[in-house]
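Chain by chain, the residues:
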Amino acid sequence: MFFSPDTLPRLLLPYIRDRKSLYGHDLSQGLRDPTLPDQGKKKVIVEFSSPNVATDFDGNHLRSTFLGAFVANIYEAMGWEVVRLNYLGDWGKQIGLLSAGYEKFSSDEKLQNGGINHLLEIYAKIEELFRPEQDAREKAKQDKQNTADIEGKGIFAQRDSIVKSLEDGDEAALALWQRFRDITIDELNLGYGRLGVKFDEYWGESEVKPKTIVEVEDTLKEKGVLEESDGSWMVDFVKHAGKKGLGTQIVRGRDGSTRYLLRDIAGALDRSRKFEFDKMIYVVSSRQDNYFQQLFTSLELMGLSDLKQKLQHVNFGSIQGLKGSLLSNILNQCAIGIHDALREEHGDSDIDSDGVGSISDMSLVSGLLAQDMSGRRGHSYTFDPKKIASSSSHTGLVLQACHRVLNASIDKLNTSDVEAAEVDYTALSDDDSADLLRLMAQFPDVVAATYKSLEPHTLLSYLYKVVSSLSILGEGEDEEFEGEGDEGGPSEACEKPSLEEKKAQLFLYQNAQQVLENGMRLLGFPVAS
Ligand code: ARG
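Residues numbered from 1 in each chain as written. Predicted model: local features only at pLDDT ≥ 70, side-chain atom pairs only at ≥ 80, totals over all residues.

As named in an unreviewed UniProt entry, the chain is arginine--tRNA ligase, taken from Cylindrodendrum hubeiense. Quoted verbatim from the Sequence similarities (unreviewed entry) heading of the UniProt record, the comment on the chain is "Belongs to the class-I aminoacyl-tRNA synthetase family." For the chain, the Catalytic activity (unreviewed entry) comment in UniProt is given as "tRNA(Arg) + L-arginine + ATP = L-arginyl-tRNA(Arg) + AMP + diphosphate". (UniProt positions renumbered as here; feature names shortened; annotations may be inferred.)

Draft legend 1. Molecular detail of the overall build of the chain. Counting its regular elements, the chain contains 19 helices and ten strands. Considered along the principal axes of its C-alpha atoms, the chain spans approximately 90 × 55 × 40 Å. Burial analysis of the chain (529 residues in total) assigns 42% to the buried set. Residue pairs in contact within the chain that sit at least 24 positions apart in sequence constitute 75% of those at least 6 positions apart. (Helix = DSSP H or I, 4+ residues; strand = E, 2+ residues; numbered from the N terminus. Buried ≥ 20, exposed ≤ 12 C-beta atoms within 10 Å, placed from the backbone. Contact = placed C-beta atoms within 7 Å.)

Draft legend 2. The sheet that holds strand E6 (residues 248-252), seen in detail. In space, the three strands of this open sheet follow the order E4-E5-E6, with antiparallel pairing throughout. In this open sheet, the two strands that pair with only one neighbour each are strand E4 (226-229) and E6. Across this sheet, the average inter-strand angle for adjacent strands is 45 degrees, counted without regard to direction. Here strand E5 (residues 232-236) runs beside E6; their pairing, made up of four bridges, is antiparallel. Among the inter-strand pairings, Asp-236 is bridged to a residue of E6, identified as Thr-248. (Pairing = 2+ DSSP bridges. Axes fitted to C-alpha atoms, helices over the stretch in contact; angles between N-to-C directions.)

Draft legend 3. Local environment of the domain arrangement of the chain. By the assigned domains, the chain splits into domain 1 (7-25 + 326-523) and domain 2 (63-317). The gap between the C-alpha centroids of domain 1 and domain 2 is 41 Å. Taken together, the 20 residues of domain 1 in the interface contact 22 residues of domain 2. Of all the secondary structure elements, the ones that give two or more residues to the side of domain 1 that touches domain 2 are helix H13 (327-346), helix H14 (361-372), helix H17 (431-453) and helix H19 (499-523). Ranked by the residues each element gives to the side of domain 1 that touches domain 2, the list is headed by H14, at four residues. For the side of domain 1 that touches domain 2, the residue count by class is eleven nonpolar, six polar and three charged. (Domains from an automatic or database assignment. Nonpolar A, V, L, I, M, F, W, Y, C, P; charged D, E, K, R; others polar.)

Draft legend 4. The arrangement of helix H7 (residues 171-195) in detail. Given a rise of 1.5 Å per residue, 25 residues ought to cover 36 Å, and the 36 Å separating the end C-alpha atoms of H7 matches this to within 8%. For H7, the set of buried residues is Ala-173, Leu-176, Trp-177, Phe-180, Arg-181, Ile-183, Thr-184, Glu-187, Leu-188, Gly-191 and Leu-195. Against helix H2 (59-77), helix H3 (93-105), helix H4 (108-142), helix H6 (154-167), H13 and H14 lie the buried residues of H7. Among the residues trailing H7, Gly-196 stands out with phi positive, at a value near 75 degrees. (Expected span 1.5 Å × (residues − 1).)

Draft legend 5. The arrangement of the pairing of E5 in detail. In terms of strand pairing, E4 meets E5 through four bridges, oriented antiparallel. Pairing of Leu-226 across the sheet is with Val-235, part of E5.

Draft legend 6. Here's a closer look at the sheet that holds strand E2 (residues 81-86). Strand order in the open sheet formed by five strands is E3-E2-E1-E7-E8, with parallel pairing between adjacent strands. What marks the edges here is a single partner per strand, and that holds for strand E3 (201-202) and strand E8 (311-314). The pairing of strand E7 (residues 279-283) with E8 spans four bridges and is parallel. Each residue of the ladder has a partner; that of Val-283, found in E8, is Val-314. Where helix H10 (residues 260-275) meets the sheet, it contacts strand E1 (43-47), E2, E7 and E8, and its direction lies at approximately 140 degrees from that of E1.

Draft legend 7. Structural view of the nonpolar core. In this structure, Val-46, Val-71 and Ala-512 are the most contacted members of the largest nonpolar core, which totals 124 residues. Mapping this core onto the domain boundaries places at least three of its residues in each of domain 1 (7-25 + 326-523) and domain 2 (63-317). In this structure, Ala-512 is in contact with Leu-406, Leu-436, Met-440, Val-466 and Leu-470, ignoring residues within four places of it in sequence. Ranked by size, the runner-up nonpolar core spans 20 residues in total, among them Met-234, Phe-237, Phe-296 and Leu-299. (Core = buried A, V, L, I, M, F, W, Y, C linked by C-beta atoms within 7 Å.)

Draft legend 8. Geometry of the packing of H17 against H19. At a minimum axis separation of 11 Å, H17 and H19 run at an interaxial angle of 30 degrees. The orientation of H17 relative to H19 falls into the category roughly parallel. Where H17 crosses over H19, the handedness of that crossing is left-handed. Of the residues in H19, those touching H17 at Ser-433, Leu-436, Met-440, Phe-443 and Val-447 are Leu-508, Asn-511, Ala-512, Val-515, Gly-519 and Leu-522. Classifying every residue of the contact of H17 with H19 gives eight nonpolar, three polar and no charged. (Parallel < 35°, antiparallel > 145°, perpendicular 65-115°, else oblique. Left-handed = near helix turned anticlockwise from the far one by under 90°.)

Draft legend 9. Quick look at the packing of H6 against H7. Following both chains from N to C, one finds H6 and H7 inclined at 100 degrees, their axes separated by 8 Å at the closest point. Judged by the angle between their axes, H6 and H7 are roughly perpendicular. Mapping the contact onto sequence places Ile-162, Ser-165 and Leu-166 in H6 and Ala-173, Leu-174 and Trp-177 in H7. The residue inventory of the contact of H6 with H7, partitioned by class, reads five nonpolar, one polar and no charged.

Draft legend 10. Broad picture of the environment of Asp-278. Relative to the helices and strands, Asp-278 is located in the loop between H10 and E7. Taking the C-alpha atoms as reference points, Asp-278 and Leu-406, 128 residues apart in sequence, are found 40 Å from one another. Ignoring anything within four residues of it in the chain, the contact list for Asp-278 reads Lys-42, Lys-43, Val-44 and Lys-310.

Draft legend 11. Spotlight on unusual backbone geometry. Here Lys-144, not a glycine, exhibits a phi torsion of approximately 55 degrees, which is positive. Inspection of the secondary structure assignment puts Lys-144 in the loop between H4 and helix H5 (148-151). Look at Lys-144 and you get exposed, because 7 C-beta atoms sit within 10 Å. If you check the backbone angles, Glu-276 has positive phi at about 45 degrees while not being a glycine.

This is how it looks when you write it as structure tokens:
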């Protein structure tokens, strides 16, 4: 379709002004029945971030947090009811090991004073102590010797017996576990707050109902796919599902405790009953691709194909080069790295500094997010503060700067607010305005495509195009769209715009800003008001 240059603004700008923050959203996608809107919305569970209690928050958890928040936002924008769920790794062997470490190296008082750092310290110490036992077990396994001996004593036995007492509901073990969990969640919330990410539920591994676990095992046994092997229980996916790559997986260990897969299968069932969802999305690193195939295949083997149909694993590649082991440490380290790189690139004056050798959370999150979303999500990348700080390429900081400059331009032009009806649209028929308007008109299609592919870089690249188009438009004026350092100042040759032209310009900028903002919010960028 082609529009004559003054028809496009006449149709588009009032439309955007009317829809405001909903421009680009298509709420009908999430309706149970779009022809009968009162049938309600479809419900999606988006599970993301999901770090483990007491062990490192790593790059995978960070990427899952960014991508998951985006997935949740875009489903919401399409009219779905969204539950943001954090599947905290708060159960299983690492908790047993941590408790064993606590008995050896800690006390109530130390835990009280030391918080999360103390937990990490205990974990590191006990892991080190445990390593020789693990190595011995690995060696025995390779030599095809019995490992039961090794597992029956030392830290192995201690760890497993704590896991067992937790699963048996032992009060003292549970009280300690609760403290570990609370400390972890407090620390996480600080970090998530800085990222602007919220969860509706901390629905951790511990939440899985013991009754459902038994139900899963019974069904798997009934279907003849749960087999005993050397004291533990496992599923052989090659034998039962004919899926070569999937191998085998233990669901209940020799010590009687449940394993990751068993908890996940039962968890899917529990969640489907609790939330009655239409869809559930797991945002987890592609390192677990195989694992999620095992999970989905298990449901199929249990005869739960309907449930399996509703599940989707949204994966992503790895990120290298991060320092720190807690979410807040990682963020602080990144902020320092970006601050230093900015100083190298621009000198001292231009840094959006928080005054202590790092940058504001707004710049930090924008920088990190844009780098994370700069390629397809399957691609791995290395955190590179130099790239984030670079003024010659598209970055999150450029996006924020454009938003800021737009604000300033709008303030400057502000001839009191403009009504759609009073705008002289012929003032916007020049080529540069038309290019920008065409881009703005594409926004809903870009959002729809991004919703289908769940590839945020599609939307991000689009936003960079809007930024470029705006800066071309800004070049002829006394506004600076190309970052702060440019030569600005009114050009002598330019005639002063008339009031009508100013109003039209203002209306265009306001709506362009709306588009930019709507896109940024969907991706998870902080937006200055
Ligand atoms: N806690 C896990 C980890 O850190 C990720 C959990 C992924 N979700 C799931 N339902 N298995 O690796």
